[in-house]
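Residue strings, one per chain:
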Amino acid sequence: MKVLVINGPNLNLLGKREPGVYGSNTLIDLEKSLLTFGEKLNCEVTCFQSNHEGDLIDAIHEADEQYNGIIINPGAFTHYSYAIRDAIAGISIPVIEVHISNVHAREEFRHTSVTAPVTAGQIIGLGFKGYELAILALKDRTGGMN
Ligand code: DQA
């Protein structure tokens, strides 16, 4: 099984960006731990991060042919990018949305996700653990395929 983990804008700053909200671990720490977690499950994890909407859309399109599922944290694009929503709606593999922080306990504008309705589900507010739970959910959803 092959999974693509996509992190959107400003998530490259994990570790130094608002550590009280996102913790002190870096994006590299997250990506390394997901690769190790995936290996234990016989799941090949690939990670991608971009601050650019079009690059995120291209990655979503290309993943359709190459992966069994996507885990995406679209960052602030979650709250207003109809283009990313349409990209997710346009592919056939399952997509799980993850947010590190509990967006519902934060500013009002973070309470809306325009992308969530076209995903298989959302995992919110559980820190980096949310990505691991998403891998497990994808594995389950795709029948635990190798
Ligand atoms: C986030 C929440 C978003 O509101 C924010 O813009 C982010 C990170 C999260 O993981 O908690 O960049 O997606």
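Everything that follows concerns the structure shown earlier in this document.
I will try to describe carefully the structure that is included in this document. (Residues numbered from 1 in each chain as written. Predicted model: local features only at pLDDT ≥ 70, side-chain atom pairs only at ≥ 80, totals over all residues. Heavy atoms only, no water.)

All right, on to helix α4 (residues 82–89) then. Of all the residues in α4, the buried ones are Ile84, Ala87 and Ile88. Axial view of α4: buried residues confined to an arc of 95°, hence all on one face. Opposite the packed face of α4, turned more than 90 degrees from it, sit the exposed residues Tyr82 and Asp86. Where α4 is buried, its residues meet α3 (53–66), β3 (69–73) and β4 (95–99). (Buried < 20%, exposed > 50% of the residue type's maximum accessible area, 1.4 Å probe, protein only. Helix = DSSP H or I, 4+ residues; strand = E, 2+ residues; numbered from the N terminus. Arc of directions from axis to C-beta. Contact = heavy atoms within 4.5 Å.)

With respect to the element layout, isoleucine 70 can be found in strand β3. Judged by its relative accessible area of 1%, isoleucine 70 falls in the buried class. Measuring from C-alpha to C-alpha, the distance between isoleucine 70 and aspartate 58 comes to 13 Å, with 12 residues separating the pair along the chain. Leave out the neighbours within four places in its chain, and isoleucine 70 touches Leu4, Ile6, Ile60, Ala63, Ile91, Ile93, Pro94, Val95, Ile96 and Leu138.

So, about unusual backbone geometry. Notably, asparagine 10 is not glycine yet its phi reads approximately 75°, a positive angle. Summarising the element assignment, asparagine 10 is placed in the loop between β1 (2–7) and α1 (19–22). Classification of asparagine 10 by relative accessible area gives partly exposed; the value is 35%.

Moving on to the site of the ligand. Lining the immediate environment of the ligand, one finds Pro9, Arg17, Tyr22, Asn73, Gly75, Ala76, His79, His99, Ile100, Ser101, Val103 and Arg110. Histidine 99 places a polar side-chain atom, nitrogen or oxygen, 2.8 Å from an oxygen atom of the ligand. Isoleucine 100 is positioned such that a nitrogen or oxygen atom in its backbone is 2.8 Å from an oxygen atom of the ligand. When the ligand sits alone it has 320 Å² of accessible area, and the protein chains cover 99% of it. Among the cavities detected, the one that contains the ligand is the largest pocket. Tallied by class, the residues present in the shell around the ligand amount to five nonpolar, five polar and two charged. (Near = heavy atom within 4 Å. Polar contact = N/O pair within 3.5 Å; in protein donor to acceptor, adjacent residues only side chain to side chain. Areas by Shrake-Rupley, 256 points an atom, 1.4 Å probe, with all protein chains shown as cover. 1 Å grid on protein atoms, 1.4 Å probe; cavity = no way out; pocket = protein on both sides within 12 Å on 5 of 7 lines; lining within 4 Å. Sits in = over half its atoms within 2 Å of the grid points. Nonpolar A, V, L, I, M, F, W, Y, C, P; charged D, E, K, R; others polar.)

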